[in-house]
Amino acid sequence: MQGTLGFFFHVGEELYGVTARHVLFPDEEGNKSYSYVAGPRKKVVLMVDKAFADFLASIQARIAILKNTVTVLGKQVAMYTKMAQVGNQQAVNDLATTEAELNKRKAAIEELKTFFIKMKKEWSALNDRVIGHVVWAPPISFSTPPHGYTKDVCDIRLNKKKFLPNFKGNVIDLGSEIECGDFMIRMCPRDDAQSEFDYPEDRLLRLGAILSVVKMREPNSQDHKGDTVRYVIKRGLTTRTTIGRLNGFESYQRRYSVHGNLDSVEVPIYPYDNNSGPFSKGGDSGSPIVDSLAEFVALLTGSTESSDITYGTPMYWPWNDVIKPQFPGANFYFDIPDN
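Residues numbered from 1 in each chain as written. Predicted model: local features only at pLDDT ≥ 70, side-chain atom pairs only at ≥ 80, totals over all residues. Heavy atoms only, no water.

Q: Honestly, the packing of helix 2 (residues 49–85) against helix 3 (residues 89–123) in this entry has me stumped. Any pointers?
A: How two helices pack is summed up by the angle between their axes together with the distance between the axes. Contact pair helix 2 / helix 3: the axes reach a minimum separation of 8 Å and the direction vectors enclose 160 degrees. The angle between the axes of helix 2 and helix 3 places the two elements in the roughly antiparallel class. Between helix 2 and helix 3 the crossing geometry is left-handed. Split into classes, the residues belonging to the contact of helix 2 with helix 3 amount to 23 nonpolar, six polar and nine charged. (Axes fitted to C-alpha atoms, helices over the stretch in contact; angles between N-to-C directions. Helix = DSSP H or I, 4+ residues; strand = E, 2+ residues; numbered from the N terminus. Parallel < 35°, antiparallel > 145°, perpendicular 65-115°, else oblique. Left-handed = near helix turned anticlockwise from the far one by under 90°. Nonpolar A, V, L, I, M, F, W, Y, C, P; charged D, E, K, R; others polar.)

Q: Even after reading the chapter, I still don't get helix 3, so can you show me in this structure?
A: Given 3.6 residues per helical turn, the α-helix brings residues three or four places apart onto the same face. Given a rise of 1.5 Å per residue, 35 residues ought to cover 51 Å, and the 51 Å separating the end C-alpha atoms of helix 3 matches this to within 8%. Of the positions making up helix 3, those classed as buried are A91, L95, T98, L102, I109, F116, M119 and W123. Capping of helix 3 at its N-terminal end is provided by N88; its side-chain oxygen lies 3.1 Å from the backbone amide nitrogen of Q90. (Expected span 1.5 Å × (residues − 1). Buried < 20%, exposed > 50% of the residue type's maximum accessible area, 1.4 Å probe, protein only. Polar contact = N/O pair within 3.5 Å; in protein donor to acceptor, adjacent residues only side chain to side chain.)

Q: Help me understand the confidence of the model for the protein chain, please; the structure alone is not making it clear to me.
A: Note that predicted coordinates carrying low pLDDT should not be read in detail. Residue-level pLDDT values for the protein chain average 90, and 94% of them are 70 or greater. Scored below 50 in pLDDT, residues 256–260 makes three contacts in the model with residues more than four places away or belonging to other chains. (pLDDT = per-residue confidence, 0-100. Contact = heavy atoms within 4.5 Å.)

Q: In this structure, what is going on with the pattern of salt bridges? I would like to understand it.
A: Oppositely charged side chains can form a pair if their charged atoms are brought close together. Applying the stated rule across the entire model yields 15 salt bridges. Here E177 and R235 are joined by a salt bridge, their closest N and O atoms 3.0 Å apart. With E177 in the loop between strand 9 (171–173) and helix 5 (180–187) and R235 in strand 12 (residues 228–236), the pair connects residues that are 58 residues apart, well separated along the chain. Given a relative accessible area of 22%, R235 falls into the partly exposed group. For D192, the salt bridge goes to R190, with nearest N and O atoms at 3.0 Å. (Salt bridge = Lys/Arg side-chain N within 4 Å of Asp/Glu carboxyl O.)

Q: Explanation requested: unusual backbone geometry in the structure shown.
A: For the peptide bond that leads from P145 to P146, omega is 0 degrees, which places it in the cis range. Looking at where P146 falls in the secondary structure, it is placed in the loop between strand 6 (141–144) and strand 7 (149–151). The backbone of M47 sits at a positive phi, close to 70 degrees, despite the residue not being glycine. Of the residues examined, M47 reaches a relative accessible area of 24% and is grouped as partly exposed.

Q: Hey, could you run me through the nonpolar core in this one?
A: A general trend in soluble globular proteins is that nonpolar side chains are found buried together. Counting residues in hydrophobic clusters, the biggest one holds 36 residues, and the most contacted among them are F7, F9 and F183. The dominant element in this core, judged by the number of residues it contributes, is helix 7 (residues 316–326), at five residues. When near neighbours in sequence (up to four residues on either side) are disregarded, F7 contacts Y16, G17, V18, N170, F296, L299, M315, W319, I323 and F332. (Core = buried A, V, L, I, M, F, W, Y, C linked by side-chain atoms within 4.5 Å.)

Q: For this particular structure, what's the right way to read the state of the cysteines?
A: Simply put, the disulfide is a covalent bond whose two ends are the sulfur atoms of two cysteines. Per the stated rule, a full pass over the model turns up zero disulfides. Left without a disulfide partner, C188 is nearest to the cysteine sulfur of C180, which lies 16 Å away. (Disulfide = S-S within 2.5 Å.)

Q: I tried to follow the packing of aromatic side chains on my own but got confused; where do I start?
A: Aromatic ring pairs are described here by two measures, namely the spacing of the ring centres and the angle between the planes. The final tally for this structure, using the stated rule, is 23 aromatic pairs. Relative to F115, the ring of F55 lies with its centre 6.0 Å away and its plane at 90 degrees, an arrangement referred to as edge-to-face. Separated by 60 residues along the polypeptide, F55 in helix 2 and F115 in helix 3 bring together distant segments of the chain. Ring geometry for F197 against Y199: centres 6.2 Å apart, planes inclined by 85 degrees, an arrangement best described as edge-to-face. Note on F197: relative accessible area 6%, which makes it buried. Classification of Y199 by relative accessible area gives buried; the value is 16%. By way of ring pairs, the aromatic residues F7, F9, Y16, W136, F296, W319, F327, F332 and Y333 are connected into one cluster. (Phe/Tyr/Trp six-rings, centres within 6.5 Å; stacked < 30°, edge-to-face > 60°.)

Here it is in structure tokens:
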């Protein structure tokens, strides 16, 4: 099974991560409450063997692409050099630009080679990729009182030695799938409106407050047609970074299973538009869903392939009413010094 680690919290010096329970507990293990006390641990692994092999292959593939680019840029440098030698001023300018691009690509190749060696040496063994163990996972429940939401959470005590050296707190890496300028336009597609979204210079969107139930029902933007909407963002294992639409209404979802009909109130997230594809797919469960102000909207719990609708549990409820009572002193915020 696979999924996405949603967010982090700490209690004193202990560091925890949260995802959806169904990510780590397959159906055949039942749906009983789990609390770790002693004995064998339910370990959490960052990438199973196939996923890790694919990860290494992706690094090698990127290196191969860059090498081809270096070959072409090298030919262009040779061409511009000859042209510059006979007094072509435009070639002089093009030569400087191309040499800079060539050096940039060469440096990227060396960085990736170093990274590949490090990953293969330090992370190849499955035990090296164990990032923590499950400490608490209440049974999954639907139509959970008092709001009727889905309760689908799992708390993991994380290995601080592996996390803290590069830990950034609760952030979403906006990735490279959507170019930054395009990202900003998608978050505010109207020219006559002021955007609330600020694209971070390091691409890491730092999560702020948890969106209240009142604000969740109040769209804060408009699409290009003038329809009110709250645009939301998530980054997951399968679909990476996507932008979707929260229309302000809760949805009544019915799931069919061998145990009967399972009904719950959910936050529905719709695709950005008819051409953008689904907001999420299998493997994205557990992802945090945030809005343009980096407010935590919901924890992604599932989706429907037939209608491309993603469902999430409003974050204010599992955090305040489920997790914090179990972990007194739990704190969502981290004091991370700027590097």
